[in-house]
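Each chain, written out:
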Amino acid sequence: MQISMTFRHLEPSDAMKEMVEEKVGRVKKYIQGPFEASVVLSVERYIHACDVTISASGATYKGREESDDMYTSIDKVMDKIARQIDKNKGRKRAGR
């Protein structure tokens, strides 16, 4: 598991880094083998955005969420990624 974080127009904080690592780490139980995650946290005016791209075993999962709180954006985008992974697993089981 390799996570790269980018902060745009935002000061990196340890609490935010730990939260991203924890949330991305939860995805590990759904994915077989190693994976790479790229997280971009940005602020424009009052909009806090979080972009996540996870590449694992030939599949790529992407998500973007915006809100007025960075922690909320991180939670929402990781929920979106988890749904994508679950949907992809269902397709693999069905043989599509």
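Here's a quick rundown of the structure. (Residues numbered from 1 in each chain as written. Predicted model: local features only at pLDDT ≥ 70, side-chain atom pairs only at ≥ 80, totals over all residues. Heavy atoms only, no water.)

With that out of the way, let us pick up the pairing of strand 3 (residues 47–56). Across a regular strand the side chains alternate sides, sitting on one face of the sheet and then on the other. Where strand 2 (residues 35–44) lies against strand 3, 10 bridges are found, and the strand directions are antiparallel. Residue pairing across strands places A37 opposite I54, the latter belonging to strand 3. What sits between strand 2 and strand 3 in their antiparallel hairpin is a turn of two residues, with R45 showing a positive phi close to 55°. As judged from the nine bridges shared by strand 3 and strand 4 (residues 59–67), these two strands associate in the antiparallel manner. What sits directly across from A56, in strand 4, is A59. What sits between the antiparallel neighbours strand 3 and strand 4 is a turn of two residues, in which S57 has the positive phi angle 40°. (Pairing = 2+ DSSP bridges. Helix = DSSP H or I, 4+ residues; strand = E, 2+ residues; numbered from the N terminus.)

Glancing now at the pattern of salt bridges. In total, this model carries five salt bridges according to the counting rule given. For E65, the salt bridge is made with K80, and the minimal N-O distance between the two is 2.9 Å. Of this pair, E65 sits in strand 4 while K80 sits in helix 2 (residues 70–94), and the two are 15 residues apart along the sequence. Since its relative accessible area comes to 17%, E65 is described here as buried. (Salt bridge = Lys/Arg side-chain N within 4 Å of Asp/Glu carboxyl O. Buried < 20%, exposed > 50% of the residue type's maximum accessible area, 1.4 Å probe, protein only.)

Strand order in the open sheet formed by four strands is 1-2-3-4, and the pairing between neighbours is mixed. The open sheet is flanked by strand 1 (2–8) and strand 4, the only strands paired with a single partner. Taken pair by pair, the neighbouring strands of this sheet meet at an average axis angle of 10°, ignoring direction. (Axes fitted to C-alpha atoms, helices over the stretch in contact; angles between N-to-C directions.)

Let us look at the environment of Q84. Position of Q84 relative to the elements: it lies in helix 2. The residues touching Q84, leaving out its near neighbours within four places in the chain, are Y61 and K62. (Contact = heavy atoms within 4.5 Å.)

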